[in-house]
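# Overview (structure and organization)
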Amino acid sequence: MLDVHPPHHAATTWRDFLIHIATIVIGLCIAVGIEQTVEYFHHRREVQETREAIQHEREVNRRRFGGATAAFRVETRQLQTNLAVYRYLALHPHSSQSQLPGTINWHSYFPGFSFSAWETAQHDNVTALMLQREVREDAELYAHLHVVQQSNADQLAASSRARIYMAADADPAHLSTDQAKEQIKLAEAVLIAHYRTGSDMRNLHMDYSDFTPWPTTEELIRIVHEDSSETDYVKEMRRVLAPYRDPFEEP
């Protein structure tokens, strides 16, 4: 706050009056300049601290993404085993545990991404002080991360539906033929949700190549038993869409 004090004695001439006014104006300009300079350096420090926090959060999310990919590959095999067990039971009802082609396991691991640095920057309106291209790029990355996290949440919901019967009896060998057939549908739904999660992770990597390792297209098409044309399709889509990239993006 700027304080303007009255003169200690009244101006007796126009010259004294003008000198006094000029003194006030110069003082105000100096005070405003100092205030704006302090504010400028404060904003610069806020932006720098925010950039560092977002960069650190990106590194955290990169490591978590790598862990999620490792878990994705383990879960792919397990979910395929679950489906194989139910298919076996549909053909061979009341088989013993020892006869089954594997063990049912619906456990899942997903580390979850961190969004706190980005959300804080938005809440404190620091993003208004940053370069708009920088803000847009950060926003797009976090949007990708949200998509992957939501896909995983959908997969967990599908897994919960598939394991409801285990609340009464965890032994799949006790399922009737009709129940086994219903479990096949539920297990397939989980696999498709799992595929969706992996596909979104692959898409994130395609736009942000530092997020590694990632579920490859070859891995994904094996989940849904696609042929190699799916890989060719992805490559072709990237080629035809290249001219329509955001003009503000890096080539």
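Okay, so let's go over this structure. (Residues numbered from 1 in each chain as written. Predicted model: local features only at pLDDT ≥ 70, side-chain atom pairs only at ≥ 80, totals over all residues. Heavy atoms only, no water.)

So, about the pattern of salt bridges. Considering all chains together, one arrives at eight salt bridges under this definition. Between Arg 73 and Glu 219 there is a salt bridge, and its shortest N-O distance comes to 2.7 Å. With Arg 73 in helix H1 (residues 14-91) and Glu 219 in helix H5 (residues 217-223), this pair connects stretches of sequence that are 146 residues apart. The class for Arg 73 is partly exposed, based on a relative accessible area of 28%. Asp 200 is the salt-bridge partner of Arg 196, the closest N and O atoms lying 3.0 Å from each other. Pair noted here: Arg 196 and Asp 200 are both in helix H4 (residues 177-207), with a separation of four residues, about one helical turn. Overlapping salt bridges bring together Arg 58, Glu 59, Arg 62 and Asp 210 as one network. (Salt bridge = Lys/Arg side-chain N within 4 Å of Asp/Glu carboxyl O. Helix = DSSP H or I, 4+ residues; strand = E, 2+ residues; numbered from the N terminus. Buried < 20%, exposed > 50% of the residue type's maximum accessible area, 1.4 Å probe, protein only.)

Backbone phi values are negative for most residues with the exception of glycine, while trans is the configuration of most peptide bonds. Residue Pro 213 is bonded to the preceding Thr 212 through a cis peptide linkage, with omega at -15 degrees. Within the secondary structure layout, Pro 213 lies in the loop between H4 and H5. Even without being a glycine, His 94 presents a positive backbone phi close to 65 degrees. Along the chain, His 94 falls in the loop between H1 and helix H2 (116-123). The phi dihedral of Asn 125 falls on the positive side, at around 60 degrees, and the residue is not glycine. Here Asn 125 is to be found in the loop between H2 and helix H3 (132-162).

Right, let's get into the packing of aromatic side chains. For any pair of aromatic rings, geometry is given as the distance between the ring centres together with the angle between the planes. On inspection of all chains with the given rule, the structure shows six aromatic pairs. Between Phe 65 and Phe 211 the ring centres are 5.6 Å apart and the planes differ by 90 degrees, which places this aromatic pair in the edge-to-face class. Taken together, the positions of Phe 65 in helix H1 and Phe 211 in the loop between H4 and H5 put the pair 146 residues apart, joining distant regions of the chain. Taken as a pair, Phe 65 and Phe 211 share a single burial class, namely buried. Residues Trp 118 and Tyr 142 carry aromatic rings whose centres are separated by 5.4 Å and whose planes lie at 10 degrees to one another, so their mutual orientation is stacked. Taken as a pair, Trp 118 in helix H2 and Tyr 142 in helix H3 lie far apart in primary sequence, 24 residues in all. Comparing Trp 118 with Tyr 142 shows no difference in burial state: the two are buried. (Phe/Tyr/Trp six-rings, centres within 6.5 Å; stacked < 30°, edge-to-face > 60°.)

So, on to the environment of Thr 197. Looking at where Thr 197 falls in the secondary structure, it is placed in helix H4. For Thr 197, a relative accessible area of 2% gives the class buried. The spatial distance from the C-alpha of Thr 197 to the C-alpha of Val 148 is 6.0 Å, given a sequence separation of 49 residues. Not counting chain neighbours up to four residues away, the residues in contact with Thr 197 comprise Val 148, Ser 151, Asn 152 and Gln 155. Among the polar contacts made by the side chain of Thr 197, one reaches the main-chain carbonyl oxygen of Ser 151 at a distance of 3.2 Å. (Contact = heavy atoms within 4.5 Å. Polar contact = N/O pair within 3.5 Å; in protein donor to acceptor, adjacent residues only side chain to side chain.)

It is worth spelling out the nonpolar core at this point. Of all hydrophobic cores here, the largest spans 23 residues; its most connected members are Tyr 86, Ile 104, Trp 106, Val 190 and Ile 223. Apart from residues no more than four positions distant in its own chain, Tyr 86 is found in contact with Ile 104, Trp 106, Ala 162, Tyr 165, Pro 172, Leu 175, Ala 180, Gln 183, Ile 184 and Ala 187. Ranked by size, the runner-up nonpolar core spans 20 residues in total, among them Phe 113, Met 130, Met 201 and Phe 211. (Core = buried A, V, L, I, M, F, W, Y, C linked by side-chain atoms within 4.5 Å.)

Put simply, H3 and H4 touch, their axes get as near as 9 Å, and they point 170 degrees apart. Between H3 and H4, the crossing angle belongs to the class labelled roughly antiparallel. Its residues assigned to classes, the contact of H3 with H4 shows 11 nonpolar, nine polar and four charged. (Axes fitted to C-alpha atoms, helices over the stretch in contact; angles between N-to-C directions. Parallel < 35°, antiparallel > 145°, perpendicular 65-115°, else oblique. Nonpolar A, V, L, I, M, F, W, Y, C, P; charged D, E, K, R; others polar.)

Turning our eyes to something else, we now look at the environment of Thr 127. Relative to the assigned elements, Thr 127 resides in the loop between H2 and H3. Classification of Thr 127 by relative accessible area gives buried; the value is 13%. Separated by 76 residues in the primary sequence, Thr 127 and Arg 51 have C-alpha atoms spaced 9.9 Å apart. Discounting residues that sit within four places of it in the chain, Thr 127 has contacts with Trp 118, Ala 121, Gln 122, Gln 132 and Val 135.

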